[in-house]
Amino acid sequence: MTDSPKTQSASEHGGLAHVMPLPVLLAVFALLMGLTVATVSATWIDLGPWNLGIALGIATVKAALVALYFMHLRYDHPFNALIFLTGLLFLALFLSLTLLDTLEYQPAIRSWLENR
Amino acid sequence: MIDPANGSPEPQHAGSRTAHLAHHFHTPKQQFDAGKLGMWIFLMTEILLFGGLFCAYAVYRANHPEIFFYAEQFLDKWLGAINTGVLITSSLTMAWAVRCAQLSQTRGLVTCLALTLACACGFLGIKYVEYEHKWRDGLLWASKYAPHRVRDSGFSVQDSGFPQERGTQAAEPRTLNPEPSSQKNAGIFFSIYFMMTGLHAIHVLAGMGAITWILVLAAKGRFSSRYFGPVDYVGLYWHLVDMIWIFLFPLLYLIH
């Protein structure tokens, strides 16, 4: 616990937690807004099957920015990040195993749609 | 620690410095970290709670993409985008509030929390406009789905003075043509829409309650660089609510 009120950006302040510098907060905010504009603009271009991937990719980058900077995860105790990632891991297992089953039926659905 | 009075041989339990320290913790740092750990575990359960709805979305969209492509046109992309901006702004002010609390800037803390609350009100206000619009048009969940203003082509809902989707887009034929079956079954999309945005809105309401609580305490001058845990925890919750909306927005409003 060092007393260094001047160096708030990298070191601890008051010994409890990392203080996020204002320029970082504002830069993250600007990036999030820019990515929102990007994801809306992306709907004017049709990339077929990539549309969903691009939208989700942009959303993931935005969520990562929120987690790393607004939620301090980058400077936090790594155990908190581990908990967060564990949650995401189980979410991924849940979604992927369910979708694996759902996608099994896609050929049948597609042929039914085409043969009508 | 910036505590000149800290010459005591037992710094763990000495005077004003530990005024906020609950008896079952050794140090303020331990108390803070324990609270944060608990908050992150709670946030993990929240992710899994919403995970069930995201899973329902994924399964229905995989099986019936045509319903999603058809029904998306009834959502106003611009209102969704504005709400995304409002929520991101509220996240900024919340993160700023945490920073103010950490630096013992009480006035800044109160201002930031008030701005966060204002943004939350704005978000719910816009959400209300959207819900009211859908209610009027009968665009409700599957059991109540009765789109009385949708005529044969299904594009007539947009004519009531709202910032609209661009007319050209609405008139374009879709890759998956609107079939009678997608019109009939669009209620499934709206079930998912109302569940996801509704649960999210409930979380916004809960967050507003928590922020109000923090705001009252902040106005009483309870928080300082030595004790700001609750501000940080409420902030984490608020950012998670923002994060979930970041995924809901493209998944519901930007299907194309």
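Residues numbered from 1 in each chain as written. Chains lettered and ligands numbered in written order. Predicted model: local features only at pLDDT ≥ 70, side-chain atom pairs only at ≥ 80, totals over all residues. Heavy atoms only, no water.

Further remarks concern the overall build of chain B. Counting secondary structure elements, chain B contains 7 helices and 0 strands. Restricting the contact set of chain B to residue pairs at least 6 apart, pairs at least 24 apart contribute 78%. When the accessible area of chain B is evaluated, it comes to approximately 10,500 Å², of which 65% is carbon and sulfur surface. (Helix = DSSP H or I, 4+ residues; strand = E, 2+ residues; numbered from the N terminus. Contact = heavy atoms within 4.5 Å. Areas by Shrake-Rupley, 256 points an atom, 1.4 Å probe, with all protein chains shown as cover.)

Its 25 residues give helix α7 (residues 229-253) of chain B an end-to-end C-alpha distance of 36 Å, which sits within 8% of 36 Å, the value for a rise of 1.5 Å per residue. The element α7 of chain B is largely enclosed, with a buried count of 24 among its 25 residues. (Expected span 1.5 Å × (residues − 1). Buried < 20%, exposed > 50% of the residue type's maximum accessible area, 1.4 Å probe, protein only.)

Attention now moves to the interface of chain A and chain B. Taken residue by residue, the interface counts 59 residues in chain A and 57 residues in chain B. Across the interface of chain A and chain B, roughly 5,200 Å² is buried in total on both sides, 75% from carbon and sulfur atoms. For D76 of chain A, the salt bridge identified is with K36 of chain B, shortest N-O distance 3.4 Å. Taken together, the connections running from chain A to chain B amount to 10 residue pairs in polar contact (both at pLDDT 80 or more). Of all elements in the fold, only β1 (12-13), β2 (17-18), α1 (22-41), α2 (50-70), α3 (78-104) and α4 (106-114) of chain A reach the threshold of two or more residues within the side of chain A that touches chain B. Among the elements that make up the side of chain A that touches chain B, the one with the highest residue count is α3 of chain A (15 residues). Tallied by class, the residues present in the side of chain A that touches chain B amount to 37 nonpolar, 17 polar and 5 charged. (Buried area = accessible area lost by both parts, 1.4 Å probe. Salt bridge = Lys/Arg side-chain N within 4 Å of Asp/Glu carboxyl O. Polar contact = N/O pair within 3.5 Å; in protein donor to acceptor, adjacent residues only side chain to side chain. Nonpolar A, V, L, I, M, F, W, Y, C, P; charged D, E, K, R; others polar.)

Attention shifts here to the pattern of salt bridges. Evaluation of the coordinates by the stated rule reveals 5 salt bridges over all chains. Each of D76 of chain A together with K36 and D232 of chain B takes part in a single network of salt bridges with overlapping partners.

Quick look at the nonpolar core now. Counting 96 residues, the largest nonpolar core has F70 and M71 of chain A together with L109, L113, F189 and F190 of chain B as the members making the most contacts within it. Looking at this core element by element, the count peaks at 17 residues for α7 of chain B. Not counting residues within four places of it along the chain, the set of residues in contact with F189 of chain B comprises I67, F68, A71, E72, L75, L252 and I255 of chain B. (Core = buried A, V, L, I, M, F, W, Y, C linked by side-chain atoms within 4.5 Å.)

Inspection of the secondary structure puts H77 of chain A in the loop between α2 and α3. Classification of H77 of chain A as partly exposed rests on a relative accessible area of 48%.

In this section: the side chain of K36 of chain B. Tracing the backbone shows K36 of chain B in helix α1 (residues 28-63). Since its relative accessible area comes to 1%, K36 of chain B is described here as buried. A polar contact is formed between the side chain of K36 of chain B and the side chain of D76 of chain A, at a distance of 3.4 Å.

Once that is clear, we can look at the confidence of the model for chain B. Residues and elements named next belong to chain B. When the pLDDT values of chain B are averaged, the result is 82; 80% of them are 70 or greater. Confidence over residues 1-15 falls short of pLDDT 50; this stretch has 21 contacts with residues more than four positions distant or in other chains. With pLDDT under 50 throughout, residues 151-176 is counted as low confidence; its partners more than four residues away or in other chains account for 48 contacts. For this predicted complex, the interface confidence comes out at an ipTM of 0.83, alongside a pTM of 0.82. (pLDDT = per-residue confidence, 0-100.)

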